[in-house]
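# Structural overview
Chain by chain, the residues run as shown.
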Amino acid sequence: METASAEAPKPYDRFSLEVRERIAANEGVLAIVVLEACNMARIEARFGREHRDRLLALLAERIREALREVDFVAQTGEQTFGVVLSGLRNAGHATLAAKKLLRLSEEDAQQAIKDLEAIDLRLGMALCPGDGDDLASLLRSAQLALEVAKDSQQGLVAYEQQSIDSSTVVWDMHDELAAAIRDGDLDVYYQPKIDIQTGAINGAEALARWFSAKRGPVSPDEFVPVAEASKLIEPMTRFVLNSAMRNLMMWQRDGHDIGVAVNLPSSMLLDPGIVVMVDSLMSIWDTGDQRLTLELTESAIVADVETCFATMTRLRELGCRIAIDDFGTGFSSFSHFKSIPADELKIDRAFVAGMREDTADQRIVEAIINIAHAFDMKVVAEGIEDRETLRMLRRLGCDAGQGFLVAEAMSQEDYDAWLDARRYAQPEP
């Protein structure tokens, strides 16, 4: 197996030259595979640069061992590799070879350095002939396939025009979303929450909304995954946090005894910088203890319990409340639950919506409420859409709730008016 020459000044240039030479030789099917270890920044933040570099060196060694003598590999970037597979019989053989590389992130390479998390390896592949017949077109096709793999959370993606068309739409949205965040063109809407036992307002959940000049209203189901798949999620979350805490300060000055909740994406929960960000914003807006609730999905916590628990504990020490969102859809172990540093559980709307018709959903909701109260946690029910469901939740002892029956998410101006209109209103019985 051939490798990059020690004298080559730039591995990427050596890789490009190798691709050109093998295209010219035209021996059977040629496959270009680009690999990226996508979670190296997270590994470095958690374990240090030395551990990260050791893991990358180990990965490079495993790639070389997995290839044939006639194949070629070069580390083309800080956490990327380029592989040339030549003389293949058909596209199926290329896929088998690429899958062998993908399994490197699932096999003994992960155990060679103890205590390090698994490599999040993504692969993009392009074939010659078929996906390009020169260096530029082949590399472009392989790189586009890699971006689709990263966006779609797939391990391996072979270049297909349909996939690339879909990815191009994602990239266009990414650029527009980046501009909206930079220019302050996102909006923050607020969905009210009430105390279920008294009917009094106890706060709101802050939600990002995007009204694109080009696309019109864009659903969060579309733009939030784009932000999460890129570095946009951090500035977007900071924007929502800053807006919510600024407004919370103004509501408190107006005499409203309420709080505000903000969703914290899983990627940021694993980033130590989130504690610094929240601490800074709390100092700026001086909203007081227990007024800001950070909502985390239980699936994010299960991904790395130790790191998440440590971050959650530090956030609580700052005076934040911690809520576990969509509870009941994935928490894997009560051994984790018994020590979770949280203040609230939010019952997933799927269980709440089925309470009227499904006794199993009723029992699940009742069990969650009882378990939470046994651990001194409050319970928030999502998706309350009718008065019978509200009455059932009240009988079961649920603490708070939100949903269309209470109010839909609304702009800051509308929420201000809604608060003022209810200031002297008698709470619902």
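This one's a predicted model, so the numbers in the text were calculated from it and none came from an experiment.

Looking only at helices and strands, the protein chain has 17 helices and 15 strands in total. Sorting the 429 residues of the protein chain into buried and exposed places 48% on the buried side. Restricting to contacts in the protein chain with at least 6 residues of sequence separation, those with at least 24 account for 68%. Element-wise, carbon and sulfur atoms account for 48% of the exposed surface of the protein chain, whose accessible area totals about 20300 Å².

Here we take up the environment of leucine 102. Secondary-structure assignment places leucine 102 in helix H4 (residues 91-102). When the C-alpha atoms of leucine 102 and isoleucine 63 are compared, they prove to be 9.5 Å apart, with 39 residues separating the residues in sequence. Among residues more than four places away in sequence, those in contact with leucine 102 are Leu121, Leu123, Gly155 and Leu156.

Before going further, it helps to examine the side chain of serine 212. Position of serine 212 among the secondary structure elements: in strand E8 (residues 201-212). When its relative accessible area of 9% is taken as the criterion, serine 212 is described as buried. A polar atom in the side chain of serine 212 sits 3.1 Å from the backbone nitrogen of lysine 214.

The subject of this paragraph is the packing of helix H2 (residues 40-47) against helix H3 (residues 49-66). Close contact between H2 and H3 brings their axes to 7 Å; oriented N to C, the two are set at 135°. The pairing of H2 with H3 is recorded here as oblique in orientation. Residues Met40, Ile43, Glu44 and Phe47 of H2 pack against Arg49, His51, Arg52, Leu55 and Leu56 of H3. Looking at the contact of H2 with H3, its residues break down into five nonpolar, one polar and three charged.

Looking now at the pattern of salt bridges. Overall, the coordinates contain 16 salt bridges when judged by the stated rule. A salt bridge links aspartate 183 to arginine 182; the nearest nitrogen and oxygen atoms lie 3.3 Å apart. Put simply, arginine 291 and aspartate 257 hold a salt bridge, and the shortest N to O gap is 2.6 Å. Here arginine 291, found in the loop between helix H10 (273-285) and strand E11 (292-297), pairs with aspartate 257, found in the loop between helix H8 (233-253) and strand E10 (259-263); they are 34 residues apart in sequence, far enough to count as distant. The exposure class assigned to arginine 291 is partly exposed, which follows from its relative accessible area of 26%. Each member of the salt-bridge network shares a partner with another, and the members are Glu205, Glu295, Lys346 and Glu382.

Turning our attention to the confidence of the model for the protein chain. On average, residues of the protein chain score 82 in pLDDT, and 85% of them reach the 70 mark or higher. Per-residue pLDDT stays below 50 along residues 3-9; that stretch engages in nine contacts with residues further than four places along the chain or on separate chains. Counting contacts from residues 107-116, a segment whose pLDDT is below 50, to residues more than four positions away or on other chains yields 22 contacts.

So, on to H8. Look at H8: 30 Å from first C-alpha to last across 21 residues, which is about the 30 Å you get at 1.5 Å a residue. Those residues of H8 that sit buried are Ile233, Met236, Thr237, Val240, Leu241, Ser243, Ala244, Met245, Asn247, Leu248, Met249 and Trp251. Just past H8, the residue glycine 255 takes up positive phi, approximately 95°.

With that settled, the discussion passes to the nonpolar core. Within the largest apolar cluster, 79 residues are counted, with the highest numbers of intra-cluster contacts made by Met312 and Tyr415. Here the element with the most residues in this core is H8; it accounts for nine residues. Sequence-distant contacts of tyrosine 415, defined by excluding residues within four places in its chain, comprise Tyr190, Pro192, Ile201, Gly203, Ala204, Trp251, Ile258 and Met410. Judged by nonpolar contacts, the second largest core, of 31 residues, contains Leu55, Leu58, Leu67 and Leu156.

Rules behind the numbers
Residues numbered from 1 in each chain as written. Predicted model: local features only at pLDDT ≥ 70, side-chain atom pairs only at ≥ 80, totals over all residues. Heavy atoms only, no water. Helix = DSSP H or I, 4+ residues; strand = E, 2+ residues; numbered from the N terminus. Buried < 20%, exposed > 50% of the residue type's maximum accessible area, 1.4 Å probe, protein only. Contact = heavy atoms within 4.5 Å. Areas by Shrake-Rupley, 256 points an atom, 1.4 Å probe, with all protein chains shown as cover. Polar contact = N/O pair within 3.5 Å; in protein donor to acceptor, adjacent residues only side chain to side chain. Axes fitted to C-alpha atoms, helices over the stretch in contact; angles between N-to-C directions. Parallel < 35°, antiparallel > 145°, perpendicular 65-115°, else oblique. Nonpolar A, V, L, I, M, F, W, Y, C, P; charged D, E, K, R; others polar. Salt bridge = Lys/Arg side-chain N within 4 Å of Asp/Glu carboxyl O. pLDDT = per-residue confidence, 0-100. Expected span 1.5 Å × (residues − 1). Core = buried A, V, L, I, M, F, W, Y, C linked by side-chain atoms within 4.5 Å.

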